[in-house]
Amino acid sequence: VLIAVENLYGYGVAGTLHEGLPLTATTRKGALRARLSQELLSAHAAGRARCVAGRATDFFGPGVVVSALGERFWPALLSGKTVDWAGNPDARHSFAFLPDLAAAYAALAETPSAWGKAWHMPALPPVTLREICDMASPHGAAPTRIRQTPSWLLRAVGLFQPAAGELVEMRYMFDNPFVIDHSAFDEKIGAGRQGWDKALTETVACWNRRMQKAA
């Protein structure tokens, strides 16, 4: 069986996302994701392959570098520097802890009755970026200031760092509440989650080790 690790770009909307939403994204990346997902599930329906799609929100954790909560976030937060954020730091957002996701995808692979559909993968309770900064304080994060990065600056930086420019069309996900509804997965498969405290403990410890080696 092909377990497709997908994202939520294909919907093209913010808010509370559930599997019943149409894949009607008009962004370049979103439209491509929608088409690939539709082709995948059509192949399963036609009997050409055994497939299942697991759609996950933004994830973080030990070893995760390229992420909204990655190399541009943790070093600044743990050093007490200004955190640059391409979005609204007070908008609720769903984040997933990578070890939780790995377990959930393994469980999806081992549940044949779930194949042939798209599932929203489990995530931690939705929070704002400001709340993450506050929750990380007991784990060694220093007080910090959050600075919203304007889209024009991302476009300018994107001329030299393409990854920064790619954030512009997906910014709606971070400017607005972006919450994943994974209740269907929980009812069908019920993979467990470690919680924000453990996720932050392991992630901060990893970044502290990484920063000490780089010093």
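All values reported here derive from a predicted model rather than from experimental measurement. (Residues numbered from 1 in each chain as written. Predicted model: local features only at pLDDT ≥ 70, side-chain atom pairs only at ≥ 80, totals over all residues. Heavy atoms only, no water.)

Colleague: So what's going on with the overall build of the protein chain? Which residues, and what values?
Modeller: In terms of helices and strands, the protein chain carries nine helices and nine strands. At 18 Å, the protein chain has a C-alpha radius of gyration in line with the 17 Å of a compact globule built from 215 residues. Reported as C-alpha extents along the three principal axes, the dimensions of the protein chain are approximately 55 × 35 × 30 Å. Residue burial in the protein chain is summarised as follows: out of 215 residues, 43% are buried. Contacts in the protein chain between residues far apart in sequence, at least 24 positions, make up 79% of those at least 6 positions apart. The distance from the centre of the 22 positive side-chain charges to the centre of the 19 negative ones in the protein chain is 6 Å. (Helix = DSSP H or I, 4+ residues; strand = E, 2+ residues; numbered from the N terminus. Rg over C-alpha atoms; globule rule 2.2 N^0.38 Å. Buried < 20%, exposed > 50% of the residue type's maximum accessible area, 1.4 Å probe, protein only. Contact = heavy atoms within 4.5 Å. Lys, Arg positive; Asp, Glu negative; His and termini not counted. Charge placed at Lys NZ, Arg CZ, Asp CG, Glu CD.)

Colleague: Explain the pattern of salt bridges to me, and be specific about the residues and the numbers.
Modeller: One pass over the structure, following the stated rule, counts nine salt bridges. Note that Glu169 and Arg28 form a salt bridge whose closest N and O atoms lie 3.8 Å from each other. Here Glu169 is found in the loop between helix 6 (162-165) and helix 7 (172-175), whereas its partner Arg28 is found in helix 1 (residues 28-45), with 141 residues between them in sequence. The class for Arg28 is exposed, based on a relative accessible area of 54%. Ionic pairing is found between Glu169 and Lys29, a salt bridge with its closest N-O pair at 2.3 Å. (Salt bridge = Lys/Arg side-chain N within 4 Å of Asp/Glu carboxyl O.)

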